[in-house]
Amino acid sequence: MANIFTDLMGGISNLWTKDDDSKEPANVKEYITQKLDLQNVDLLDEFTQQTKMIESSGGTDTVNEKTSARGDFQFLTEGEGNAFQTGLNRVASTYDAMGIAIPKWVSTAQEHNNPEKLSSKQQEELFLANLWQQSGTSQLFQMIDEGDGLAKYNLYAKYHHTNPDEATISNALSAFNL
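Thresholds applied
What you see as residue numbers is a count from 1 along each chain, following the sequence as written. Local features in a predicted model are, by the rule used here, given only for residues with pLDDT of at least 70; side-chain atom pairs are given and counted only at 80 or more, and totals for whole chains, interfaces and linings are based on all residues. Note: side-chain values were computed over all heavy atoms of the structure, leaving out hydrogens and water. Axes, fitted as lines to C-alpha atoms, cover a helix only where it is in contact. Angles between the N-to-C directions of the axes lie from 0 to 180 degrees. The secondary structure listing takes helices from DSSP runs of H or I that are at least 4 residues long and strands from runs of E that are at least 2 residues long, numbered from the N terminus. When an angle is under 35 degrees it counts as roughly parallel; over 145 it counts as roughly antiparallel; between 65 and 115 it counts as roughly perpendicular; any other value is oblique. Contacts are residue-level and defined by heavy atoms, with any inter-residue pair within 4.5 Å sufficient. Note on residue classes: Ala, Val, Leu, Ile, Met, Phe, Trp, Tyr, Cys and Pro are nonpolar, Asp, Glu, Lys and Arg are charged, and everything else, Gly too, is polar. Remark: nonpolar core denotes a set of buried residues (Ala, Val, Leu, Ile, Met, Phe, Trp, Tyr, Cys) joined through side-chain atoms within 4.5 Å. The buried label applies to any residue whose accessible area, calculated with a 1.4 Å probe on protein chains only, is under 20% of its type's maximum; exposed applies above 50%, and partly exposed to all values in between.

(A) Focus on the packing of helix 6 (residues 120-132) against helix 8 (residues 149-161). Contact geometry for helix 6 and helix 8: axes closest at 10 Å, N-to-C directions at 90°. Considered as vectors, helix 6 and helix 8 are oriented roughly perpendicular to each other. Taking contact as the criterion, the partners of F127, N130 and L131 in helix 6 are, on helix 8, L155, Y159 and H160. Here the residues of the contact of helix 6 with helix 8 sort into 4 nonpolar, 2 polar and no charged.

(B) Local environment of the nonpolar core. Counting 38 residues, the largest nonpolar core has I32, F47, F141 and L155 as the members making the most contacts within it. Of all the secondary structure elements, the ones that give two or more residues to this core are helix 2 (28-36), helix 3 (41-56), helix 4 (83-98), helix 5 (104-112), helix 6, helix 7 (138-145) and helix 8. Each residue touching F47, except ones within four places of it in the same chain, is listed here: F127, L131, I144, K152, L155, Y156 and F176.

Keep in mind these numbers describe shape, not what the thing actually does.
Following this line, the structure appears as structure tokens:
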């Protein structure tokens, strides 16, 4: 009888305690995953790495000599289309929404304005927050979670690159196995 009572009380106490699945997110990827209840985080990671391959050959070609695009995800760093500063503002907004202090690297990057000075993980945070903060992307994230390759292309082409030329389109279609 004592075991039944212990099991019952233990079960009831779990109603008021958090389990590991409901922990607070520690980064942008965890936040997006929780907000959208994504089940296949590996597909989000795959999308991130595929985009990195398209943009900078996986982080090996991080300077575009023809534009101000820099870093693993080729954020523009000059002019009216300074996507890097916009992305950093979106990282800050995402952390605000998470209720977590904005990481110091964000303000440092706002000063130096160079994605190449960020770690690979910081650049991934920037990439994902920049997408997340744009209207209309939630459904595409969810479709990627369901294995939709065309959603990967659309999230990339419409919300990240925004003006791909023919070579980039071809490269992206190939990278996303379309």
